[in-house]
Amino acid sequence: MKVELSTEIAERIKEYPPAARERLKFLLVRITATALALGKESVTQALKWGEPSFVVSGGTPVRFGWNPSFPDSVFLYVHCSSRIIDTLREVTPGLTTLHGNRAIELPINLPWPESDIDTFLTLALDYHQRKHLPLLGL
């Protein structure tokens, strides 16, 4: 599955600084790969709160974005009522870039915890099949 960005999402990403754009393109590849690994047939795109948002059947939306208030980071977001961030907090105690109950902060110029990102995306894109399980099935 290859996801072509919608015009509005592509235009929004063009507004970000080059380093943030490259990192967000990496996240798009990871979202697509995770959806494919989970057997999802399509990824629906939209702008939510001005940021690119992606959802698959049976999942909760994943948003990503860059904000001039935090110029050295990009963020991955999920719905605040999901248990994803709380679960990550419990199973990845060394992951200190969690914000509240809805976001992971990822520094643009540092290596990313790719396995934690993959876990986050798996939980989000398969959330409705996992939400009843202790620690979301991890």
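Residues numbered from 1 in each chain as written. Predicted model: local features only at pLDDT ≥ 70, side-chain atom pairs only at ≥ 80, totals over all residues. Heavy atoms only, no water.

As annotated in an unreviewed UniProt entry, the protein chain carries the name DUF1801 domain-containing protein and is attributed to Shewanella submarina.

### Some words on the overall build of the protein chain
Looking only at helices and strands, the protein chain features five helices and six strands. The helix and strand sequence of the protein chain, counted from the amino end, reads α-α-β-β-β-β-α-β-β-α-α. If you line up the protein chain on its principal axes, its C-alpha atoms span 40 × 35 × 25 Å. Each of the 138 residues in the protein chain was classed as buried or not, and the buried ones make up 43%. In the protein chain, 63% of the contacts between residues at least 6 apart in sequence involve partners at least 24 apart. For the protein chain, the exposed surface amounts to about 7,200 Å²; the carbon and sulfur share of it is 55%. Separation between the mean location of the 15 positive side-chain charges and that of the 15 negative ones in the protein chain comes to 3 Å. (Helix = DSSP H or I, 4+ residues; strand = E, 2+ residues; numbered from the N terminus. Buried < 20%, exposed > 50% of the residue type's maximum accessible area, 1.4 Å probe, protein only. Contact = heavy atoms within 4.5 Å. Areas by Shrake-Rupley, 256 points an atom, 1.4 Å probe, with all protein chains shown as cover. Lys, Arg positive; Asp, Glu negative; His and termini not counted. Charge placed at Lys NZ, Arg CZ, Asp CG, Glu CD.)

### Focus: the nonpolar core
Judged by nonpolar contacts, the single largest core of 35 residues is most densely connected at Leu 27, Phe 64, Val 74, Leu 76, Ile 84 and Phe 120. Among the secondary structure elements, those contributing two or more residues to this core are helix H1 (7-14), helix H2 (18-37), strand S3 (62-66), strand S4 (73-77), helix H3 (84-91), strand S6 (103-107) and helix H4 (114-125). Dropping the residues within four chain positions of it, Ile 84 is found in contact with Thr 60, Val 78, Phe 120, Leu 123, Ala 124, Tyr 127 and Leu 136. (Core = buried A, V, L, I, M, F, W, Y, C linked by side-chain atoms within 4.5 Å.)

### Side note on the sheet that holds strand S5 (residues 98-99)
The six strands lie next to each other as S1-S2-S3-S4-S6-S5, forming an open sheet whose pairing is antiparallel. The sheet is open, and its two borders are formed by strand S1 (44-48) and S5, each paired with just one other strand. Relative to S6, S4 runs antiparallel, the two sharing five bridges. Following the sheet pairing, Val 74 is matched in S6 by Leu 106. (Pairing = 2+ DSSP bridges.)

### Quick notes on the pairing of S3
With five of five residues buried, S3 lies mostly within the body of the structure. Alternating positions in S3 separate into two faces, Val 62, Phe 64 and Trp 66 on one and Arg 63 and Gly 65 on the other, with burial throughout. The pairing of strand S2 (residues 51-55) with S3 spans two bridges and is antiparallel. The residue of S3 that forms the bridge with Ser 53 is Arg 63. Taking the residues that link successive antiparallel strands as the turn, the S2-S3 hairpin has six residues, and the phi of Gly 58 there is positive, at about 85°. Alignment of S3 against S4, held across four bridges, turns out to be antiparallel. The residue bridging Gly 65 from the neighbouring strand is Phe 75, located in S4. Where S3 folds back on S4, the antiparallel hairpin that results is connected by six residues.

### Describing the packing of aromatic side chains
Counting across every chain of the model gives five aromatic pairs. On the numbers, 5.7 Å between centres and 65° between planes, the contact of Phe 26 with Trp 112 is edge-to-face. Here Phe 26, found in helix H2, pairs with Trp 112, found in the loop between S6 and H4; they are 86 residues apart in sequence, far enough to count as distant. The exposure class of Phe 26 is partly exposed, given its relative accessible area of 24%. Taking the relative accessible area as the measure of exposure, Trp 112 reaches 9% and is therefore buried. The interplanar angle of 35° and the centroid separation of 5.3 Å between the aromatic rings of Phe 54 and Phe 64 together place this pair among those described as tilted. Here Phe 64 lies in strand S3 and Phe 54 lies in strand S2, a separation of ten residues in the sequence. Each member of the pair, Phe 54 together with Phe 64, is buried. (Phe/Tyr/Trp six-rings, centres within 6.5 Å; stacked < 30°, edge-to-face > 60°.)

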